[in-house]
Amino acid sequence: MISLIQMISTWTIPVLIAFIPLYASLRKVPVYESFIDGAKDGFQTAVSIIPHLVGMMTAIGMFRASGAMDALIGLIRPLLEGFGIPGDVLPLALLRPITGAGSLAFVTDLIKEQGPDTIAARIASTIQGSTDTTLYVLTVYFGAVGIRNSRYALKVGLISDFVGFFAAVAACWLLFGLV
């Protein structure tokens, strides 16, 4: 059974890459021209989001370099550790809504430091998969299409991240029998 799953996993992407153009050509779709048009649109979108992306990365750098993130974590740590949330995952709760790459780097460092089977590493991995980069999404994607009023999306996104954080902690404590 495992070898079947590995075989399917290995061949899924190559089969899809071959199937899609073949299917399109059978339906008389100009495959190459469609690809070129899509690539042009993608390039124009990338160029239009660069200013938003640079602004977001600058704000993240200022937040971390100013010490504001460390100060905020220092205030929250004693409260959350009382509820069984390891203090080592708290920076992730702040980083994940802002930056996917930064939060992934944090999780990677945490796993290297503590090992993959610690409760902090398991919680961090679960948080990484169950929350989103809300501020990044709002800045880049809303900026690319010109949406200026994003206050409801911001509220819903941050509430979702908050719920995802605590649900990840609870799931890890329950699933790994540490309650």
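Cut-offs and rules
- Residues numbered from 1 in each chain as written.
- Predicted model: local features only at pLDDT ≥ 70, side-chain atom pairs only at ≥ 80, totals over all residues.
- Heavy atoms only, no water.
- UniProt positions renumbered as here; feature names shortened; annotations may be inferred.
- Helix = DSSP H or I, 4+ residues; strand = E, 2+ residues; numbered from the N terminus.
- Core = buried A, V, L, I, M, F, W, Y, C linked by side-chain atoms within 4.5 Å.
- Buried < 20%, exposed > 50% of the residue type's maximum accessible area, 1.4 Å probe, protein only.
- Contact = heavy atoms within 4.5 Å.
- 1 Å grid on protein atoms, 1.4 Å probe; cavity = no way out; pocket = protein on both sides within 12 Å on 5 of 7 lines; lining within 4 Å.
- Points joined across faces, edges and corners; volume = space filled by probe spheres on them.
- Nonpolar A, V, L, I, M, F, W, Y, C, P; charged D, E, K, R; others polar.
- Salt bridge = Lys/Arg side-chain N within 4 Å of Asp/Glu carboxyl O.
- Phe/Tyr/Trp six-rings, centres within 6.5 Å; stacked < 30°, edge-to-face > 60°.
- Lys NZ or Arg CZ within 6 Å of the ring centre and 35° of its normal.

Novice: I would appreciate a short explanation of the UniProt feature "transmembrane region" (unreviewed entry) in the protein in the present structure.
Specialist: UniProt's entry tags residues 7–26, 46–63 and 156–176 with the feature "transmembrane region" (unreviewed entry), counted in the numbering of this structure. Between the end C-alpha atoms of residues 7–26 the distance is 27 Å, and the span holds 100% helix and 0% strand. Between the C-alpha atoms that bound residues 156–176 the distance is 30 Å, and the span itself is 95% helix and 0% strand.

Novice: Help me understand the nonpolar core, please; the structure alone is not making it clear to me.
Specialist: Burial of nonpolar side chains together is a common tendency in soluble globular proteins. In this structure, Ile 85, Val 89 and Phe 165 are the most contacted members of the largest nonpolar core, which totals 19 residues. What Phe 165 contacts, discounting residues up to four positions off in sequence, is Ile 85, Val 89, Leu 90, Ala 93, Ile 127 and Thr 131.

Novice: Mind showing me how you'd approach the UniProt feature "domain: Nucleoside transporter/FeoB GTPase Gate" (unreviewed entry) in the protein here?
Specialist: The sites that UniProt annotates as "domain: Nucleoside transporter/FeoB GTPase Gate" (unreviewed entry) are residues 47–147. Taken end to end, residues 47–147 is 77% helix and 0% strand, and its two terminal C-alpha atoms sit 17 Å from one another.

Novice: In this structure, what is going on with the layout of surface pockets? I would like to understand it.
Specialist: Here the largest pocket defines a volume of roughly 430 Å³. In this structure, the largest pocket is lined by 19 residues; those nearest its centre are Ala 93, Leu 94, Pro 97, Asp 161 and Phe 162. Where the lining of the largest pocket is concerned, the elements lending two or more residues are helix H3 (68–81), helix H4 (90–95) and helix H8 (151–175). Here the element with the most residues in the lining of the largest pocket is H8; it accounts for five residues. A per-class count over the lining of the largest pocket returns 16 nonpolar, one polar and two charged.

Novice: Can you help me understand the side chain of Gln 128 in this one?
Specialist: Within the element layout of this structure, Gln 128 appears in helix H6 (residues 119–130). When sequence neighbours within four positions are dropped, the list of residues in contact with Gln 128 reads Leu 92, Arg 96, Gly 100, Ser 103, Leu 104 and Val 107.

Novice: What's the story with the pattern of salt bridges in this structure? I'm lost.
Specialist: Pairing between side chains of opposite charge can happen when the charged atoms of each approach one another. Counted according to the given criterion, the structure contains two salt bridges. Linking Arg 77 and Glu 81 is a salt bridge whose minimum nitrogen-to-oxygen distance equals 3.8 Å. In this pair, Arg 77 and Glu 81 both sit in helix H3, four residues apart, roughly one turn of the helix. Residue class for Glu 81 comes out partly exposed when judged on its relative accessible area of 41%. The salt bridge partner of Arg 122 is Asp 117, with a shortest N-O separation of 3.5 Å. Overall, the relative accessible area of 58% leaves Asp 117 in the exposed class.

Novice: Explanation requested: the packing of aromatic side chains in the structure shown.
Specialist: For any pair of aromatic rings, the description consists of the separation of the ring centres together with the inter-plane angle of the planes. Following the criterion strictly, the structure yields three aromatic pairs and no others. Taking the centre distance of 4.8 Å and the plane angle of 65 degrees together, the rings of Phe 162 and Phe 166 count as edge-to-face. Remark: Phe 166 and Phe 162 occur in helix H8; sequence separation between them is four residues, near one turn of the helix. Each ring, one from Phe 165 and one from Phe 166, has its centre 5.1 Å from the other, and the planes form 90 degrees; the classification is edge-to-face. Taking the relative accessible area as the measure of exposure, Phe 166 reaches 31% and is therefore partly exposed. Three or more aromatic residues link up through ring pairs in this structure, and these residues are Phe 162, Phe 165 and Phe 166. Seen from the ring of Phe 176, Arg 122 lies directly overhead, with NZ or CZ sitting 4.1 Å from the centre.

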